[in-house]
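A closer look at the structure
Here's the letter readout for the chains.
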Amino acid sequence: MSEALLIGEPLALDLVNTRPTDVDLLATPEDLANWLALQAERHPELAVAHPTSADLAAVHSVRDHSSAVLDALLHDRRPPIDALRELNAAQAAAPAIRQLEWGGDAVIATVRRTGTAAERLAAVLAEAVADLLTDPSIGKLKRCEADDCVLLFLPAHPRRRWCSPERCGNRVRVARYYQRHKSAD
């Protein structure tokens, strides 16, 4: 991977942000394994020991359809019907079923999914996209203001302008400083 993965946004945005430019940060099953490992602490349902090419293809499909929907929303357009349909199909292929069990002193519910590993992984990601798209905070969605960055984020503070203060914020501030001092020479 030539660029560093950024995580910490809602899962759906972290997924979309794995394609920051014409570089795919999830180009191989190994890249996917690394990304899933980074996400596993916040999203244990993403623990996949050895992702396959089929898993990677399913993740790419969810990412592409999510990107299309988010791009439409950023431009105040109606999301593509096909993208929404595909995200729904990904969720339906491996629905979450809460299986009730007796835990010794209380009833516990464990979420189980049917389907292949690729279908289960795509379903978890598509559900994260559905959660994001239906969250009222989606109206705050922003694209990084750095000229060479296309990453998306949900700002916790309304004045946030960059995907990361370290990644793009510092770069923009340094460039502005350089321009001010260059013109003073």
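Source: prediction; values computed, not measured.

With that settled, the discussion passes to the pairing of strand β2 (residues 107-113). Both strand β1 (residues 96-102) and β2 contribute to a ladder of 7 bridges, which runs antiparallel. Bridged to Arg 98 within β2 is Val 111. In this structure, the hairpin formed by β1 and β2 is closed by a connection of 4 residues, where Gly 104 is found at a positive phi of approximately 100°.

On to the pattern of salt bridges. Side-chain pairing between opposite charges can occur once the charged atoms of the two side chains come close. One pass over the full model with this rule turns up 10 salt bridges. Among the salt bridges present, the one from Arg 160 reaches Glu 9, with a minimum N-O distance of 3.1 Å. One end of the pair, Arg 160, is in the loop between β4 (152-153) and α6 (165-184); the other, Glu 9, is in the segment before α1 (11-16), and 151 residues separate them in sequence. With a relative accessible area of 13%, Glu 9 lands in the buried category. In this structure, Arg 77 engages Asp 71 in a salt bridge whose closest nitrogen and oxygen atoms are separated by 3.5 Å. Each of the salt bridges in this network shares a partner with another, and the network as a whole consists of Arg 19, Asp 24 and Arg 63.

Relative to the helices and strands, Asp 14 resides in helix α1. Judged by relative accessible area, which is 1%, Asp 14 ranks as buried. From its side chain, Asp 14 meets the backbone nitrogen of Glu 9 in a polar contact 3.1 Å long. Look past the residues within four positions of Asp 14 in its chain and what remains in contact with it is Leu 6, Ile 7, Gly 8, Glu 9, Trp 35, Gln 39 and Arg 42.

Moving on: the layout of surface pockets. In this structure, the largest pocket encloses a volume near 220 Å³. In terms of lining residues, the largest pocket is bounded by Glu 45, Ala 47, Val 48, Val 111, Arg 112, Arg 113, Ala 117, Arg 120, Leu 121 and Val 124. Breaking the lining of the largest pocket down by element, the ones donating at least two residues are β2 and α5 (117-134). Looking at which element gives the most residues to the lining of the largest pocket, the answer is α5, with 4 residues. In the lining of the largest pocket, the residues fall into 6 nonpolar, no polar and 4 charged. There is about 160 Å³ of room inside the second largest pocket. Lining the second largest pocket are 13 residues, with Val 16, Arg 19, Ser 67, Arg 143 and Val 150 positioned closest to its centre.

What counts, and where the lines are drawn
- Residues numbered from 1 in each chain as written.
- Predicted model: local features only at pLDDT ≥ 70, side-chain atom pairs only at ≥ 80, totals over all residues.
- Heavy atoms only, no water.
- Pairing = 2+ DSSP bridges.
- Helix = DSSP H or I, 4+ residues; strand = E, 2+ residues; numbered from the N terminus.
- Salt bridge = Lys/Arg side-chain N within 4 Å of Asp/Glu carboxyl O.
- Buried < 20%, exposed > 50% of the residue type's maximum accessible area, 1.4 Å probe, protein only.
- Polar contact = N/O pair within 3.5 Å; in protein donor to acceptor, adjacent residues only side chain to side chain.
- Contact = heavy atoms within 4.5 Å.
- 1 Å grid on protein atoms, 1.4 Å probe; cavity = no way out; pocket = protein on both sides within 12 Å on 5 of 7 lines; lining within 4 Å.
- Points joined across faces, edges and corners; volume = space filled by probe spheres on them.
- Nonpolar A, V, L, I, M, F, W, Y, C, P; charged D, E, K, R; others polar.

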